[in-house]
4 protein chains.
Amino acid sequence: MTTTLSPVTLKAVDGPGQPERTPALEDLYRGFEQELLVPLWTEIGDLMPTSPRPAARAHLWRWQNLLRLAERSGDLVPVGRGGERRAIALANPGLGGAPYATPTLWAAIQYLNPREDAPVHRHTQHAFRFVVEGEGVWTVVDGDPVAMRRGDFLLTPGWRFHGHHNQADQPMAWLDGLDIPFVHQVGSAFFELGPDEVSDRSTPARSRAERLWAHPGLRPVSQPGPTPSSPIAAYRWEHTHSALTEQLALEDEGHPGVVEPGHAAVRFSNPTSGGDVMPTIRAEMHRLRPGATTATRREVGSAVWQVFDGAGTVRVGEREWQVGRGDLVAVPSWVPLTITADARADSALDLFRFSDTPIFERLHADRVQVDDAPA
Amino acid sequence: MTTTLSPVTLKAVDGPGQPERTPALEDLYRGFEQELLVPLWTEIGDLMPTSPRPAARAHLWRWQNLLRLAERSGDLVPVGRGGERRAIALANPGLGGAPYATPTLWAAIQYLNPREDAPVHRHTQHAFRFVVEGEGVWTVVDGDPVAMRRGDFLLTPGWRFHGHHNQADQPMAWLDGLDIPFVHQVGSAFFELGPDEVSDRSTPARSRAERLWAHPGLRPVSQPGPTPSSPIAAYRWEHTHSALTEQLALEDEGHPGVVEPGHAAVRFSNPTSGGDVMPTIRAEMHRLRPGATTATRREVGSAVWQVFDGAGTVRVGEREWQVGRGDLVAVPSWVPLTITADARADSALDLFRFSDTPIFERLHADRVQVDDAPA
Amino acid sequence: MTTTLSPVTLKAVDGPGQPERTPALEDLYRGFEQELLVPLWTEIGDLMPTSPRPAARAHLWRWQNLLRLAERSGDLVPVGRGGERRAIALANPGLGGAPYATPTLWAAIQYLNPREDAPVHRHTQHAFRFVVEGEGVWTVVDGDPVAMRRGDFLLTPGWRFHGHHNQADQPMAWLDGLDIPFVHQVGSAFFELGPDEVSDRSTPARSRAERLWAHPGLRPVSQPGPTPSSPIAAYRWEHTHSALTEQLALEDEGHPGVVEPGHAAVRFSNPTSGGDVMPTIRAEMHRLRPGATTATRREVGSAVWQVFDGAGTVRVGEREWQVGRGDLVAVPSWVPLTITADARADSALDLFRFSDTPIFERLHADRVQVDDAPA
Amino acid sequence: MTTTLSPVTLKAVDGPGQPERTPALEDLYRGFEQELLVPLWTEIGDLMPTSPRPAARAHLWRWQNLLRLAERSGDLVPVGRGGERRAIALANPGLGGAPYATPTLWAAIQYLNPREDAPVHRHTQHAFRFVVEGEGVWTVVDGDPVAMRRGDFLLTPGWRFHGHHNQADQPMAWLDGLDIPFVHQVGSAFFELGPDEVSDRSTPARSRAERLWAHPGLRPVSQPGPTPSSPIAAYRWEHTHSALTEQLALEDEGHPGVVEPGHAAVRFSNPTSGGDVMPTIRAEMHRLRPGATTATRREVGSAVWQVFDGAGTVRVGEREWQVGRGDLVAVPSWVPLTITADARADSALDLFRFSDTPIFERLHADRVQVDDAPA
């Protein structure tokens, strides 16, 4: 990952609008190199494509493989100061071996052994956890213990101290999502160590943040005004499930609500603003009825999808995979995506999605194109 | 610039929190590589530094060198379809030879021969021109001819068709600034060719956009509402100069207005919102009285400064340069910057600055730290 | 209420800065009258007081009296086209007999007999219902049937068609709140009749709007973006009660959340923006522990409070009342308010409050002053 | 203006939906009166009209009459503490003799004798001055002297100390506009006396605020962020005139810019936000070519127009007037307005307009309807 001083090296290229290769041109290019300059005319095709040509690739990671390697790491790798977390990140094959699921998003499996702790720290990167299976870990965010259970979506917005501890006799693994690649690229990373131990080892079913904020359409009068990130520490599966169930029921009754036929979706939102949960990350849960197919969509910006339940097919550009619980797919910018729920399944296909869309919306660079659904 | 499929390669490292190097660990790491995974514990130091540790370096480019090479390019390199522009970009020594002045910003010298044209195209990247010397070129933005003269700051917001033509008998060179690296990194680049010829070759002193919008505190009733980018096609030097002059005069009279003693500064702004001229780029003009020194500031985000007039010293982190007209300095994120105007000069030091600050402000990631002025 | 052409009539007054009363002055004033002019110097004391001197008065209306008269109206007054609603409004004693609880807010008791209907119409005035007792009525808002039950807060934002029907064998009465006086004053009232019958007589426990929107921190992906008013048709008592209960429990545990000691409060909010439920009306539920007293507050803008449960004392300026279930108090702008919960009660004092605060906040005219609690 | 305690008095009315007049009904109404209650069914026609039925009337005030009476007041009425200002307000014939041009807007002629002072004070009401003729007065706003000249539009946003002094040997009169009626109605008026004398009697041609802020598209870096009101103390006629001239020139050249054929218009705006100059008041200058006619428009909210130059016809609802320099017209909410410039005139018709539109836009209650131009 560390970039070393690398002098510019240029080579004349052929093609429309390119200068004739002559000794004089070579001489000019050597002059560019000496002064650390690069001409536009040799780079424009790559820098300014007709539509986004991301270096990132569409790729699938199987949860079972992640889990197997995480368990093995549980045997060999300690959790403590220095390493900080036993997290193993998806490395997109197009991004030069960097631990980046996409150019902006980090996705990792994190693993804690029974009775194990992860020390307290904070950073400007925004983080969330999504629990595809298991329970027993509490993440303590600014002193507030937050239980982690299957289906829960948990927030650790930037610059909040947080540590984890596993109270159970089984190990626990979950998905971590952060904006590490984006923050690394633009240079806004700050980090600070906290105590080695979490301050509060109590194990309440609900966090104080939820007790204060997780009431539909209600906010405490003592805390007016918008905050950049959501104050809701945990979005519980019971609520997500019931919201998705209602959308499909409304569809059955002939009322609006679903995104498209057979496709229900909710966005996790910031109750103080109605916007996304954190400034750089959008998170949603999608549910497809058995046999339902999404329209084929391209979006500016990248996303990571994780199957929460059920089975189906995910098609990204030219790639297509049969997916099941926990499987993760990286979707690069502007690559067409189609998802189909297994028609023979008796339950729906539930998928968790997170993306960098808020970055583009805030910069007025968002674009979406819906193609015709595949035949 | 094109990234090829590169498999992950991991090596065990030593240090606090690192697992013991054993055959089993090597075996685990091979497993990570096969599954395209990278552990956090080996990368965290680089990914999550205590404060930003940008790959980009502080660097100076001398205008005279740029100009010499641009002139030579004028002899050897055509301007036309394919290459599109005779623009030569600053390549930050820390960024692997890419034509990036900083991780987010592109800065280039563009050069047109007498009577020469640059063909029409548009792209989602936001662009501006700043003219350090010369005149005679008109840039035609969505059909509106905009004269370019010394000291002028001109806008080409994203997705506006634009072409240039030089009406003069002398060549002309100027600074181009864009958000190409940012757009390339996040994958939001769209590009479209326009006609080979600009539609309107007239040469008015003021663009229609200025005639409609460049009146202090006034906006046309026919165009209400905010627009993401400023509708002012050109910010003329006469206004910038007079605003800076007034700030120093107010300081002489004991009234507020300057940023700090001897330091006047104006921000080019979007009259429909009061915000920055374009969603990703902030642009300002600064003036330092002879002998004046700025406080030492660090900012999250990167900037490029160009000397417009006068002489002085620019100190960025450990580097320090004596600078004069046209010289360009790249300032990486969170590296302390101090600028001093030559005390023996009889005129002020004027500097143009552009930065990616709007990105951070819109994502609530902006930070500034003012250190004590250097002894 | 209708204002007839009334010629200006002026009389010279005495006092500081007043001109000497002379025949010439009288002559001048007759000239003013002829030209429909009024001098500032005779009016400034009333128009520009040192602090707000509202015409409205603090006043108490007893629910039992309202109910008795509403029941009598049930015998004598039909509900149908023309009269539209059997609603009886509070007329503030300071406002010249107009049906205004305050200069901006309308508050009325509405009453429906068993099996009775109120016809469908819509208007730009924003409306809500708050149910202090009873059930059995459904209000149908743009075709969506919304059940009304004790403790529920229900919305009918501007320009939504709505009608009511009582499905029960008992009559039902509730509180209506609107911005009728404000809209009447500024002249933005539009009104349109709908069908005489509601379109959907079904009686679901929850409205479709709730099924889509009343999930904590979740919003349907199919409906992005903010809306001026909340899409939540009904805020159910179970949620309000639980949010208040949690705040007091957090206080018991030593954590923040309450407004002040012993005083919990939630604001009904718009999940698409985090702001108030409707552009002109703020609505909140407050709970005071037995014996708790609020600080004495003055606020710019007016409010109406209704006791939902419990007993206590309300002091507004010089007036003070012992209050119980359903009692209504008008609080004019900038008049100090103190509320105390009966110390001998075994249950808390719950109060519903609505105010015009959003008008002032959006116009940057909001002010609050907290005085010391009364000895 | 002072409202005294007035008991409710009700009378049964006839009409659709009205209860039968019986002794029992009369008895019920007496009960309402005792409890300070008013039924909706007798008031709904007035309170909830199909479209706004403002009490205010369209009315014209002739500048020559105002000026004559103002001059006479100059002889008889002192300016000083108590009366504060020699201002004479338009009293709309529909508003019961109150000094209100419309339900929300105050418009007055203010008059200062040679060498006369108006003492310093401040208030939450937002104020502006518009100068239809004359010069020689400086208004000192928070210590900054602002020259007043023909065509200038000057701001005194809420809560800024301000006083005036006439440095000339001639008297001066101008138009004052404020939101006094709105503030009085909603109860947000605060007022504070300042020194009897202005602090700075210097007479610069431009205020410090202008020197800092009145540069097209430029803002001082030392003052970032939006402010509720514009920091530009004076919008000078030279800029307004040139902006209007350019719009008509662009129209001649076949380019967009004017509101409609022959009708140029600029809005005075807040450079820190792009919005209106003050939270409650919109101000614009309009120019109609000789013979040009505006489309007939209705708008929610009220406005006052003053002829600045030229001659023409103003039609408001059923009323129509021939108007000339200085004449003032009140336009109530939703009453259709058409303005025609005298076809025989050799110069354009220039009109200043101010309205309460920002109130409605911020509350999402704005509506506009453009009817066909009159035959």
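Computed from a prediction, not measured in an experiment: that's the story for all the values here.

### With respect to the confidence of the model for chain A
Residues and elements named next belong to chain A. For chain A, mean pLDDT is 95; residues scoring 70 or higher make up 97% of the total. Here residues 1-6 is modelled with pLDDT under 50, and outside its nearest four sequence neighbours on either side it reaches 20 contacts, counting other chains as well. Across the interface, the model reports ipTM at 0.96; the global pTM reads 0.96.

### Here we look at the arrangement of the chains
Chain B makes no contact with chain C; the smallest distance between any of their C-alpha atoms is 17 Å. Chain A makes no contact with chain D; the smallest distance between any of their C-alpha atoms is 17 Å.

### Re the pairing of strand β10 (residues 162-166) of chain B
All names here are of chain B. Burial of β10 is extensive: five of the five residues sit out of reach of the surface. Neither face of β10 is open: one carries His162, His164 and Asn166, the other Gly163 and His165, and all of them are buried. Sheet topology note: the strand β5 (residues 117-123)/β10 ladder contains three bridges and is antiparallel. Its bridge partner being in β10, Ala118 is matched across the sheet by His164. One ladder, built from five bridges, connects strand β7 (residues 135-141) with β10; its direction is antiparallel. Bridging from a neighbouring strand, Trp138 pairs with His165 of β10.

### Quick look at the sheet that holds β7 of chain B
Residue and element names in this part refer to chain B. Taking strand neighbours across the sheet as the criterion, the five strands line up as β8-β7-β10-β5-β12 in an open arrangement whose pairing is antiparallel. Looking at which strands have only one partner, the edges of the open sheet turn out to be β8 (144-149) and β12 (191-193). The mean inter-strand angle of the sheet, taken between neighbouring strand axes irrespective of direction, is 25°.

### Here's the deal with the interface of chain D and chain C
Each side of the interface is counted separately: chain D has 93 residues, and chain C has 92 residues. Approximately 8200 Å² of surface area, both sides summed, lies buried where chain D meets chain C, with 68% of it carried by carbon and sulfur atoms. If you look at where chain D meets chain C, you find zero salt bridges. At the surface where chain D touches chain C, the tally comes to 27 residue pairs in polar contact (both at pLDDT 80 or more). Broken down by element, the side of chain D that touches chain C gets its largest block of residues, seven residues, from helix α3 (residues 63-76) of chain D. Bridge count between strand β3 (residues 87-90) of chain C and strand β1 (residues 37-39) of chain D: three bridges; the pairing is antiparallel. Residue pairing for β1 of chain D: Ala89 of chain C is matched across the bridge by Val38 of chain D.

Rules used throughout
- Residues numbered from 1 in each chain as written.
- Chains lettered and ligands numbered in written order.
- Predicted model: local features only at pLDDT ≥ 70, side-chain atom pairs only at ≥ 80, totals over all residues.
- Heavy atoms only, no water.
- pLDDT = per-residue confidence, 0-100.
- Contact = heavy atoms within 4.5 Å.
- Buried < 20%, exposed > 50% of the residue type's maximum accessible area, 1.4 Å probe, protein only.
- Helix = DSSP H or I, 4+ residues; strand = E, 2+ residues; numbered from the N terminus.
- Pairing = 2+ DSSP bridges.
- Axes fitted to C-alpha atoms, helices over the stretch in contact; angles between N-to-C directions.
- Buried area = accessible area lost by both parts, 1.4 Å probe.
- Salt bridge = Lys/Arg side-chain N within 4 Å of Asp/Glu carboxyl O.
- Polar contact = N/O pair within 3.5 Å; in protein donor to acceptor, adjacent residues only side chain to side chain.

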